[in-house]
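# Fold and contact review
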Amino acid sequence: MLDLSIVTDAVASDPLVIILAVFVLGGLLTTLIFRKHPIGRAVVRVVFLVLLTIALLHADIVPYQPLHLTGTPFTDAVHAILKIAWWLWAAWFLVGVLRAVVVFQRSPREAKLLQDLLAGLIYLAAVFAIVSYVFDLPIQGLLATSGVVAIILGLALQSTLGDVFSGIVLSFSRPYRPGDWISVEGGTDGRVIELNWRATYILTARRDLAIVPNSTIAKSKIVNVSSPSGLHGTTVTVQVEARSSPSRCSEILEHAIRNSRLIVATPAPTITIKTINATYTEFEIAFFVEELASTVKAQNELFDFIYRHLAAAGIDLAVPQNGPDHTKEHEGGEKGRAGVERLLELVAIFATFTPEERAAVAAKLKPRSYDEGETLVEPGIVLQSLFIIGSGVVSFTREGIEGEMELLRVGPGDHFGEIGLLTGAAASARITALIPTTVYELAKADLTPILEARPQVAQELCRALARLQAAGRLSASPELDERIPKHRLTDWFSDRIHRLYNVVNVE
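Computed from a prediction, not measured in an experiment: that's the story for all the values here.

### Comments concerning the pairing of strand β8 (residues 280-289)
Extensive coverage of β8 is indicated by the burial of 7 of its 10 residues. Direction of pairing for strand β6 (residues 232-241) relative to β8: antiparallel, over a ladder of 10 bridges. Of the residues in β8, the one forming a bridge with Thr237 is Glu284. The pairing of strand β7 (residues 270-276) with β8 spans 6 bridges and is antiparallel. From the neighbouring strand, Ile271 faces β8, where its bridge partner is Ile285.

Have a look at this one:
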């Protein structure tokens, strides 16, 4: 046990014992008082380092010289602890200066990595200095022993060290950055969240977090789809029955591409004829989207537009080669059906109609043709008919703070005019033909009997209007935007339909 008399004599004869106690107490108080003030805590530590240096030199204890034993174990232990504290404090001070000096404004991640490496070397040098000048042990033997230990640890931690060094290489070569969309060979695609010493964190399209070791990425093929720009290209394949000419099919496919707002105009999409035979013609469509995350949505949307545009043009998709041949049956069923009747099959509000009912509606439709760039509807006009897109693509635009802004595009099977027809509100958007377009008009007097006979048509119109209004894509009227809650829009439109019945019956 420690003799208290020896401790008392040491305190009386050596003020460094008191200094050690003061430093320990001061360190604890500094941590508690300046917990939320890192700058103040750093200043206090620097002051402590200066005071400790003065105290050691005043006691003829040089930190970078071997410790001289006094013969009193307690005093020697205090001196050793103070020297160890000085070396660790000095290493901390140098690391702080290093982090303040070594700064790459354009490469903060590389600066952090270099700072960590140099900080590790500084602390390692401090450890060797403590071993040499405090414990008076030969560095040569320690280095030889540490070399053997390093070899053993290197073999045991080969995989981990491979990840670390690969992380260093990736940090300096910078094949990708946080926020980039990358595709790693092996099927890992997503956005880079973080790159650290060991692994890269990737957020996949399914919102899963994939943690890929850096050594795996360093050995794999990496495709950075965000570099040099965020645009991402993809291709889809479509097979069309061979009865239609390839040029006509290519034109319809171009119309389907124009129908999609997710597909960018530059670089321009391309349509390539891959195969042609007596059964089908195969087309490959290459297009670009603004980011990788939009690829699946754009592809699904494009397939839907392709189906609609081909159906409206009277062109069928090819029958699978191994499937049953229904060509003759299909041709027989199409003979007695006009193109307008086939178009009505694409319109959601007429989906439940029988062929006879669709034929009756088709007989009441009035076609109108528009050239590319021609305006169909100007803002402020109150539409009193339902308009169905037969072919082509039309764009809805509205003047905003930054100029004209496109709201949506519609193609074959879509319709507009419901807002003016049901609410009496003027159109708030300009409707323009992006390509040569044919529109079929169904007058209010012809639509009202259909709404009375088919309540589901009215319900579908209400749901369509409510979806557009709730999504903010179209505005029915200013008072509607302010007074009607979004969850009551369907009921409000239903009431308008009942009023429409009464108005037409009175007329």
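Don't stop here, the text continues.
### Remarks on the nonpolar core
In terms of nonpolar packing, the biggest core is built from 22 residues, with Leu344, Ile349, Phe350, Val361, Ile388, Leu442 and Ile450 touching the most fellow members. Those elements giving two or more residues to this core turn out to be α12 (339-344), α13 (355-364), β11 (385-391), β16 (437-443), α15 (444-453) and α16 (455-471). When near neighbours in sequence (up to four residues on either side) are disregarded, Ile450 contacts Phe350, Phe353, Val361, Leu442 and Val457. In this structure, Cys249, Ile285, Leu302 and Leu310 belong to the second largest nonpolar core, which totals 19 residues.

### Considerations on the pattern of salt bridges
Applying the stated criterion to the full structure yields 11 salt bridges. Across the pair Arg430 and Glu404 runs a salt bridge, and its minimum N-O distance is 3.3 Å. With Arg430 in strand β15 (residues 430-433) and Glu404 in strand β13 (residues 403-410), this residue pair connects regions lying 26 residues apart in the sequence. Here Arg430 falls in the partly exposed class, since its relative accessible area comes to 24%. Via salt bridges that share partners, Glu241, Arg243, Asp316 and Arg342 belong to a single interconnected network.

### Observations concerning the packing of aromatic side chains
Scanning the model with the defined rule gives 4 aromatic pairs in all. Seen in terms of ring centroids, Trp86 and Trp87 are 5.1 Å apart; in terms of plane orientation they differ by 90 degrees. Their pairing is edge-to-face. For the pair Trp86 and Trp87, a shared accessibility class is recorded, and that class is buried. Ring plane angle 85 degrees and centroid distance 5.9 Å describe the contact between Phe396 and Phe416, whose orientation is recorded as edge-to-face. Here the residue Phe396 occupies a position in strand β12 (residues 394-400), and Phe416 occupies one in strand β14 (residues 415-416), the gap between them amounting to 20 residues. Taken individually, Phe396 and Phe416 each receive the classification buried, so the pair is uniform in this respect. Members of the aromatic cluster, connected to one another through ring pairs, are Phe387, Phe396 and Phe416.

### Concerning the environment of Thr237
Inspection of the secondary structure assignment puts Thr237 in strand β6. Residues Thr237 and Phe303, 66 residues apart in the sequence, show an inter-C-alpha distance of 9.8 Å. For Thr237, the residues in contact, after removing those within four places along its chain, are Glu282, Phe283 and Phe303.

### Describing the sheet that holds strand β3 (residues 199-204)
Taken in spatial order, the 5 strands make up an open sheet running β4-β3-β2-β1-β5, and their pairing is antiparallel. Lying at the two open borders of the sheet, with one neighbouring strand each, are β4 (209-213) and β5 (222-224). Taking the axes of each pair of neighbouring strands and ignoring which way they run, one obtains an average angle of 40 degrees across the sheet. Sheet topology note: the strand β1 (residues 181-184)/β5 ladder contains 3 bridges and is antiparallel.

### Considering the packing of helix α9 (residues 246-258) against helix α10 (residues 295-312)
Their axes nearest at 8 Å, the elements α9 and α10 cross at an angle of 135 degrees. Regarding the angle of α9 to α10, the classification is oblique. The element α9 and its partner α10 pack so that their crossing is right-handed. On α10, the residues touching Ile252, Leu253, His255, Ala256 and Ile257 of α9 are Leu302, Phe305, Ile306, His309 and Leu310. Residue composition of the contact of α9 with α10, grouped by class: 8 nonpolar, 2 polar and no charged.

### A closer look at unusual backbone geometry
Following Thr266, the chain continues into Pro267 via a peptide bond in cis, with omega recorded as 0 degrees. Residue placement: Pro267 occurs in the loop between α9 and β7.

About the criteria used
Residues numbered from 1 in each chain as written. Predicted model: local features only at pLDDT ≥ 70, side-chain atom pairs only at ≥ 80, totals over all residues. Heavy atoms only, no water. Buried < 20%, exposed > 50% of the residue type's maximum accessible area, 1.4 Å probe, protein only. Helix = DSSP H or I, 4+ residues; strand = E, 2+ residues; numbered from the N terminus. Pairing = 2+ DSSP bridges. Core = buried A, V, L, I, M, F, W, Y, C linked by side-chain atoms within 4.5 Å. Contact = heavy atoms within 4.5 Å. Salt bridge = Lys/Arg side-chain N within 4 Å of Asp/Glu carboxyl O. Phe/Tyr/Trp six-rings, centres within 6.5 Å; stacked < 30°, edge-to-face > 60°. Axes fitted to C-alpha atoms, helices over the stretch in contact; angles between N-to-C directions. Parallel < 35°, antiparallel > 145°, perpendicular 65-115°, else oblique. Left-handed = near helix turned anticlockwise from the far one by under 90°. Nonpolar A, V, L, I, M, F, W, Y, C, P; charged D, E, K, R; others polar.

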